[in-house]
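Architecture at a glance
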Amino acid sequence: MSQKVAVIVIHGLGKQHEDFASIFIDYLLKTFTTISGEKNPESCIEIKPVWWASVFAEREEELKRKLVGSPYNLRYVELREFMIHYLADAVAYQPLRDGGEQNYEAVHQTISKKLNSLSTEVGPDAPLCVISHSLGSVIASNFFYDLQHAKENTKITNPHSALERGETLSLFYTCGTTLPLWSLRYTSFDRPIQVPSKEFSAKHPTIAGEWINFYDKDDVLGYPLKSIHLEYDKAVNEDRDVNVGTIIDQWTPLCHNGYLQSNKVIKPIAEGLFKMWKQINH
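Residues numbered from 1 in each chain as written. Predicted model: local features only at pLDDT ≥ 70, side-chain atom pairs only at ≥ 80, totals over all residues. Heavy atoms only, no water.

Okay, the overall build of the chain next. Along the chain, the regular secondary structure elements total 9 helices and 6 strands. Taking 19 Å as the expected radius of gyration for a compact globule of 282 residues, we find that the chain reaches 19 Å, a close match to that expectation. Structurally, the chain occupies a C-alpha span of about 65 × 45 × 35 Å along its principal axes. The proportion of buried residues among the 282 residues of the chain is 49%. Considering only contacts in the chain between residues 6 or more positions apart, those separated by 24 or more positions represent 79%. In the structure as shown, the chain presents an accessible area of about 14500 Å², 53% of it carried by carbon and sulfur atoms. For the chain, the separation between the mean place of its 29 positive charges and that of its 35 negative charges on side chains is 0 Å. (Helix = DSSP H or I, 4+ residues; strand = E, 2+ residues; numbered from the N terminus. Rg over C-alpha atoms; globule rule 2.2 N^0.38 Å. Buried < 20%, exposed > 50% of the residue type's maximum accessible area, 1.4 Å probe, protein only. Contact = heavy atoms within 4.5 Å. Areas by Shrake-Rupley, 256 points an atom, 1.4 Å probe, with all protein chains shown as cover. Lys, Arg positive; Asp, Glu negative; His and termini not counted. Charge placed at Lys NZ, Arg CZ, Asp CG, Glu CD.)

The volume enclosed by the largest pocket comes to roughly 360 Å³. As for the largest pocket, its lining consists of 19 residues, of which Asn142, Tyr145, Tyr186, Phe189 and Arg191 are closest to the centre. Contributing elements (two or more residues each) for the lining of the largest pocket: helix H5 (135-148) and helix H6 (179-182). It is H5 that contributes the most residues to the lining of the largest pocket, 5 residues altogether. Broken down by class, the residue content of the lining of the largest pocket amounts to 11 nonpolar, 3 polar and 5 charged. The space that makes up the second largest pocket amounts to roughly 220 Å³. Taken together, His11, Gly12, Leu13, Gln16, Phe20, Ala21, Phe24, His133, Asn257, Tyr259, Leu260 and Gln261 make up the lining of the second largest pocket. Residue classes in the lining of the second largest pocket are distributed as 6 nonpolar, 6 polar and no charged. (1 Å grid on protein atoms, 1.4 Å probe; cavity = no way out; pocket = protein on both sides within 12 Å on 5 of 7 lines; lining within 4 Å. Points joined across faces, edges and corners; volume = space filled by probe spheres on them. Nonpolar A, V, L, I, M, F, W, Y, C, P; charged D, E, K, R; others polar.)

In spatial order, the strands read S2-S1-S3-S4-S5-S6; together these 6 strands make up an open sheet with parallel pairing. Of all strands in the sheet, those with a lone pairing partner are strand S2 (45-50) and strand S6 (238-241), marking the two edges. Taking the axes of each pair of neighbouring strands and ignoring which way they run, one obtains an average angle of 15 degrees across the sheet. Two elements, strand S3 (residues 128-133) and strand S4 (residues 169-175), share 6 bridges in a ladder whose sense is parallel. The partner of Val130 across the bridge, within S4, is Phe172. (Pairing = 2+ DSSP bridges. Axes fitted to C-alpha atoms, helices over the stretch in contact; angles between N-to-C directions.)

Moving on, we come to the pairing of S3. Each regular strand displays side chains that alternate between the two surfaces of the sheet. Where burial is concerned, most of S3 is hidden: 6 out of the 6 residues are buried. Sheet topology places strand S1 (residues 5-10) next to S3; 5 bridges connect them, and they run parallel. Bridging across to S3, Val7 finds its partner in Cys129.

Helix H3 (residues 77-92) packs onto helix H2 (residues 57-68) with a crossing angle of 140 degrees between their chain directions and a minimal axis gap of 10 Å. With respect to H3, the element H2 is oriented oblique. Considering the relative orientation of H2 and H3, their crossing is right-handed. Residues Glu60, Glu61, Leu63, Lys64 and Val68 of H2 form the contact with H3, whose participating residues are Val77, Arg80, Glu81, Ile84, His85, Ala88 and Asp89. Classifying every residue of the contact of H2 with H3 by side-chain character gives 5 nonpolar, 1 polar and 6 charged. (Parallel < 35°, antiparallel > 145°, perpendicular 65-115°, else oblique. Left-handed = near helix turned anticlockwise from the far one by under 90°.)

Right, let's talk about the nonpolar core for a bit. Ile8, Leu115, Val130, Phe144 and Trp211 are the most contacted members of the largest nonpolar core, which has 38 residues in total. Mapped onto this core, the elements with two or more residues apiece are S1, helix H4 (103-122), S3, H5, S4, H6 and helix H8 (230-235). No other element matches H5, which puts 7 residues into this core. Beyond its immediate stretch of four places on either side in the chain, Ile8 contacts Lys48, Val50, Ile111, Lys114, Leu115, Leu118, Leu128, Cys129, Val130 and Ile131. Residues Phe20, Phe24, Ile131 and Leu260 belong to the second largest nonpolar core, which totals 37 residues. (Core = buried A, V, L, I, M, F, W, Y, C linked by side-chain atoms within 4.5 Å.)

Now the structure itself:
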């Protein structure tokens, strides 16, 4: 039996539902089949969605109820709902300085639980691919940064699993990332995560892995990464300019939500997964 590649999909800003990645996963599996010729792609890759919006969903709805409805009856209700779900996610995710249970940690636990599930299903040494969109790229970067730099409060369900420790990270695909905007929080934003991880590279020195960042020139929330700092230029293999979105919104900022429906994004990811699967089973 071959070693599967483990995959997690991390969503971005906005009101998200638990099945947010269903269509994308189906499309990715079909594309993998087309590229690889494997009739059963699920024997090669195992994909889990990370629904971190569940951490904030109830409180955001409660906040909307308290602020927008009676007795205030504020105008532009739909626009306000949009702003609450977009801005509140970014604000709520911020780490706290006064300790205690943090949203930051709660969001990261949603990733940790999926990694634990993957580790149980495909093994603790399975290579890991991370696909993230928008704020999800920031969350993924922070999560693996904390693991790679041995942050003490990073909680791991099974510390004996290399996958859960982030040591098998080998593929990273960021789509419409807001990470450059977050660089303003630091005086020097010069420590990107290492892809592949140093542990993976040590164990598989002939497997290069990759970090590709997809951005659309019309997407005002998605940006290139290599120009942030020299270290990001070294860490990211490619900033790839893609035109995503529907016929209606592909020329507007609304294209931000089109990455995970675009063949220009899905095909390169499927190609990267197939290459990794072949190399790890060579």
